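Observations on the model geometry
Residue-level listing of the chains:
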Amino acid sequence: MAPALTAFFALVIALLTLLPQAPGPQGIPGFDKLAHTAAFAVLAMPMAWCHPHRWRAVALAVLAYGGAIEIVQPFTGRTASWGDLLADGTGAVAGAVLASRLAAWYRRNS
């Protein structure tokens, strides 16, 4: 189930980050970075939950996916951003750590 959920989240993220930018809440400072952080945290969580001892590998894979998106974006009419990549990495680590800790706690207490 985790691989399918991860693939679904990866597809949604690809669509949202590679399609032409839709009008959105542009006036909210920091919204874009918050969205990147949240999206990549969610992307990391299913695999980190299933493999809590491998949370670092999960976070690294999710960060690599974010990097690939940033490389491809200029070819789709979007702009690449180091700030977006930093937000992706922050989300990847936060999501992987949170899911791995919650999974370990759940397994100890169930």
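Residues numbered from 1 in each chain as written. Predicted model: local features only at pLDDT ≥ 70, side-chain atom pairs only at ≥ 80, totals over all residues. Heavy atoms only, no water.

Let's talk about the packing of aromatic side chains
Let me state the cut-off plainly: Note on aromatic contacts: the rings of Phe and Tyr and the six-membered ring of Trp form a pair at centre separations within 6.5 Å, being stacked when their planes are under 30 degrees apart, edge-to-face when over 60 apart, and tilted otherwise. Each helix corresponds to a stretch of at least 4 residues labelled H or I by DSSP, and each strand to a stretch of at least 2 residues labelled E; elements are numbered beginning at the N terminus. Only protein chains enter the accessibility calculation, which uses a 1.4 Å probe; a residue whose area is less than 20% of its type maximum is buried, one above 50% is exposed, and one in between is partly exposed.
One pass over the full model with this rule turns up three aromatic pairs. The interplanar angle of 45 degrees and the centroid separation of 5.7 Å between the aromatic rings of tryptophan 49 and tyrosine 106 together place this pair among those described as tilted. You can see tryptophan 49 sitting in helix α2 (residues 31-50) and its partner tyrosine 106 sitting in helix α4 (residues 82-108), a full 57 residues away along the chain. With a relative accessible area of 32%, tryptophan 49 lands in the partly exposed category. According to the relative accessible area criterion, tyrosine 106 is partly exposed, its value standing at 44%.

Topic: the pattern of salt bridges
Here is the rule: Definition used for salt bridges: Asp or Glu carboxyl oxygen within 4 Å of a side-chain nitrogen of Lys or Arg.
Going through the model one piece at a time under the given rule, you end up with two salt bridges. For aspartate 84, the salt bridge goes to lysine 33, with nearest N and O atoms at 2.7 Å. In this pair, aspartate 84 is assigned in helix α4 and lysine 33 in helix α2, connecting sequence segments 51 residues apart. Under the relative-accessibility criterion, aspartate 84 is labelled buried at 6%. Residue classification places lysine 33 among the partly exposed residues on the basis of a relative accessible area of 34%. If you follow the salt bridges from partner to partner, you end up with Asp32, Lys33 and Asp84 in one network.

Don't take any of this as a statement about function, it's just geometry.
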